[in-house]
Amino acid sequence: MEINIILSVALASAMIVVVLVLVAVIVYQRWQIGDKNATLGRFIDENEKMRRKIERMGIL
C-alpha cells in the first residue's frame, strides 16, 4: 500500500516537472521569436531608407 503512494507522488512530481519544462520552453521560444522579429523589423526599416536614398540619388 505504501508503494502505491510513493509511486503516485513520484509520477505526479514527474508530470509537474515535465509541464514546467514545457512552459519554460514555450516562454523561451516566444522570447526568441520576438527578438528575431524586432531585428527583422530594423532590417526592413533600414532597407527601406536605403531604397529611398537610392531613388533620390537617381541610381535606380
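Above this text is the structure in question.
The following refers to the structure shown. Everything numeric here is computed off the predicted structure, so don't read it as measured data.

**Comments concerning a nonpolar patch on the surface**
Point 1. There is a patch of nonpolar side chains on the surface, built from Val17, Val21 and Val25 and spanning about 240 Å² of accessible area.
Point 2. Looking at the secondary structure, you find Val21 in helix α1 (residues 2-57).
Point 3. By relative accessible area, Val21 is classed as partly exposed at 48%.

**Observations regarding the pattern of salt bridges**
Point 1. Summed over the entire model, instances satisfying the criterion amount to three salt bridges.
Point 2. One salt bridge in this structure joins Arg51 and Glu48, with 3.4 Å as the shortest N-O distance. Separated by three residues within a single helix, Arg51 and Glu48 lie in helix α1, roughly one turn from each other.
Point 3. On the basis of relative accessible area, Arg51 is assigned to the partly exposed category, the value being 46%.
Point 4. On the basis of relative accessibility, which here comes to 30%, the residue Glu48 falls in the partly exposed class.
Point 5. As a salt-bridge pair, Glu55 and Arg51 come within 3.7 Å of each other at their nearest N and O atoms. Taken together, the positions of Glu55 and Arg51, both in helix α1 and four residues apart, correspond to about one turn of that helix.

Criteria and cut-off values
Think of each chain on its own: its residues are numbered from 1, step by step along the sequence as written. This being a predicted model, a pLDDT of at least 70 is required before a residue's local features are given, and a value of 80 or more before pairs of side-chain atoms are given or counted; all residues contribute to the totals for chains, interfaces and linings. Processing note: side-chain calculations cover all non-hydrogen atoms of the structure and skip hydrogens and water entirely. Put simply, a patch holds well-exposed residues, over 30% relative accessible area, that have no salt bridge, with like charges counted together within 9 Å and Val, Leu, Ile, Met, Phe, Trp or Tyr side chains within 5 Å. Here the Shrake-Rupley method, with its probe set to 1.4 Å, supplies the accessible areas, and only the displayed protein chains count as covering residues. Each salt bridge in this description consists of a side-chain nitrogen of Lys or Arg and a carboxyl oxygen of Asp or Glu lying within 4 Å of one another. Helix and strand definitions here come from DSSP, where helices need a minimum of 4 consecutive H or I residues and strands a minimum of 2 consecutive E residues; each element is numbered from the N-terminal end. Burial classification: accessible surface area is computed with a 1.4 Å probe over protein chains only, and a residue below 20% of its type maximum counts as buried, one above 50% as exposed, and the rest as partly exposed.

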